[in-house]
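As a plain string of letters, each chain reads:
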Amino acid sequence: MTAEPPTYLTTKEMADLLRVKERKIYDLAAAGEIPHSRATGKLLFPREVVLAWIENASDAPGHEAARPQVVLGSHDPLLEWALRESGSGLATFFDGSLDGLDRFDRLEGIAAGLHVVEDEGWNRELIARRFRFRPVVLVEWAWRSRGIIVPPGNPASISVLRDLAGKRIVRRQAQAGGQLLLERLFGEAGLAVPQGGPIARDEREAALAVLDGSADAAFGLAASARQFKLDFVPVCEERFDLLVARREWFEAPFQALVAFTRSPAFAAMAASLGGYRVDGILTPHFNGS
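Now for a look at the structure at hand. (Residues numbered from 1 in each chain as written. Predicted model: local features only at pLDDT ≥ 70, side-chain atom pairs only at ≥ 80, totals over all residues. Heavy atoms only, no water.)

Focus: the packing of aromatic side chains
The cut-off we apply is this: We call Phe, Tyr and Trp rings a pair once their centres come within 6.5 Å, taking the six-membered ring for Trp, and we label the pair stacked below 30 degrees between planes, edge-to-face above 60, and tilted otherwise. Here a strand is any run of E in DSSP of at least two residues, a helix any run of H or I of at least four, and the numbering for each starts at the N terminus. Relative accessibility under 20% of the residue-type maximum defines a buried residue, over 50% an exposed one, and the middle range a partly exposed one, all with a 1.4 Å probe and only protein chains included. Here, over-ring charges are defined by two tests on the NZ atom of lysine or the CZ atom of arginine: distance to the ring centre within 6 Å, and angle to the ring normal within 35 degrees.
Counted under the stated rule, the structure contains five aromatic pairs. Pairing W81 with F260 gives two aromatic rings, centres 5.4 Å apart and planes at 50°, and the pair type is tilted. Here W81, found in helix 4 (residues 77–85), pairs with F260, found in helix 11 (residues 252–260); they are 179 residues apart in sequence, far enough to count as distant. Here W81 and F260 have matching classes, each one buried. Considering the side-chain rings of W141 and F266, the 5.6 Å spacing of their centres and the 75° angle between planes classify their relative orientation as edge-to-face. Pair noted here: W141 is in strand 9 (residues 136–150) and F266 is in helix 12 (residues 264–273), with a separation of 125 residues, a long-range link. Its relative accessible area of 1% is what places W141 among the buried residues. Cluster of aromatic residues (ring-pair linked, three or more members): W81, W141, F260 and F266. Lying over the aromatic face of F104, R67 brings its terminal NZ or CZ to 4.0 Å of the ring centre.

Here's what the structure looks like:
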C-alpha cells in the first residue's frame, strides 16, 4: 500500500523539492517569499499550499522550464519502433537507464526509459527516492525476456550464467540497466563479472557483436536475438518503465504514442518481436507529488 504524502514538508524536503540548498529555503522563509509555518522553533511547509505556490509562480525556484521533445534512457526496440510509427515526432537519445535519469533531471527530455532491478521489484524505489516531490509519473511499458544471446546452434553449449566464464561477453556502459543486472546476478551466484569483451551502447549493438563474431555471447533481449536470427537462453523477465514529465504526458506528441499502444499494429509488433508482455502497458507505478 502506498503511504499517504506528508501534510507538512521539512526544510530538507523543501530543498529537495525545489532542488536548492537548505540555506536558500531559510532565506526564502525569512523574506516571506515561501509559504511556511513555525512550530516548536522548526520551519514547516504546508505541502498542498507549497505545490500550488510552485504551480502559480513561474519564477519560483522549483519551476521547470520547457523540456525538449526527446525520449531518453534505456534502449527498447519496441519503444523505438512505436515512437516512429505513432507519428509522435519525438526524438530519442538512448544511452542507459541511469544516464537517462540524470538527463531527465536536467530537463533534457520529456521521458526516460529504465529497467533497474531493486530488492522488491523494478524502478519504483529509485524513482520514489529521487523524484518524490517532482511532477512526474512512472508507467509500465513492458515486461521483457532477458538472457544470453549466442550464435546460431549455440556452439559453446551455454545454458546458465556460469557457462560464460572465460568467454568473450559483450559489456554495456556502466549506467546501463542490463549491465547493472548482469553484475547483480553474477554477484548473487558468486561469480566474477567477465571482462575484456566489446562494449555495446544499446540492445542492437549487443546482438550485432555476437552476430559478427566479436563476442561469444551477450546478456540481451529475446527480441534482439530474434531480430538477428541468433539463439537465446532465457534468464529472467524484467520490467521496462517510462518516467514521464506529467505536463508533457498530456501534450500531443506523447498522447500520439499513448493512442498508438492501443492499436492492432502495436500488438502485432510486440508479438512479432518476441519476448514481450504488454498486457500491463501504461499501468502507473509511481506518481510524484
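What to know about the pairing of strand 5 (residues 91–94)
Spelled out, the test is: DSSP-based pairing: two strands are paired if at least 2 bridges between them are found. Looking down the strands as they point away from you, a crossover is right-handed if its path from the first strand over the helix to the second goes clockwise.
Two strands pair when backbone bridges link them, and strand 4 (residues 70–73) and strand 5 are joined in this way by four bridges, in the parallel orientation. The residue bridging G73 from the neighbouring strand is F94, located in strand 5. Crossover connection from strand 4 via helix 4 to parallel strand 5: handedness right-handed.

Digging into the packing of helix 1 (residues 11–18) against helix 2 (residues 22–30)
Put simply, the rule is: Lines are fitted to the C-alpha atoms to define the axes, a helix being fitted only along its stretch in contact, and any angle between axes, read from their N-to-C directions, falls within 0 to 180 degrees. If an angle is under 35 degrees, it is roughly parallel; if it is over 145, roughly antiparallel; if it lies from 65 to 115, roughly perpendicular; otherwise it is oblique. What makes two residues a contact is simply this: any of their non-hydrogen atoms within 4.5 Å. When residue character is reported, Ala, Val, Leu, Ile, Met, Phe, Trp, Tyr, Cys and Pro are called nonpolar, Asp, Glu, Lys and Arg charged, and the others, Gly included, polar.
Running from amino to carboxyl end, helix 1 crosses helix 2 at an angle of 100°, the nearest separation of the two axes being 8 Å. When the axes of helix 1 and helix 2 are compared, the pair comes out roughly perpendicular. On the side of helix 1, the interface is formed by T11, K12, M14, A15 and L18, while helix 2 contributes E22, I25 and Y26. When its residues are assigned to classes, the contact of helix 1 with helix 2 shows five nonpolar, one polar and two charged.

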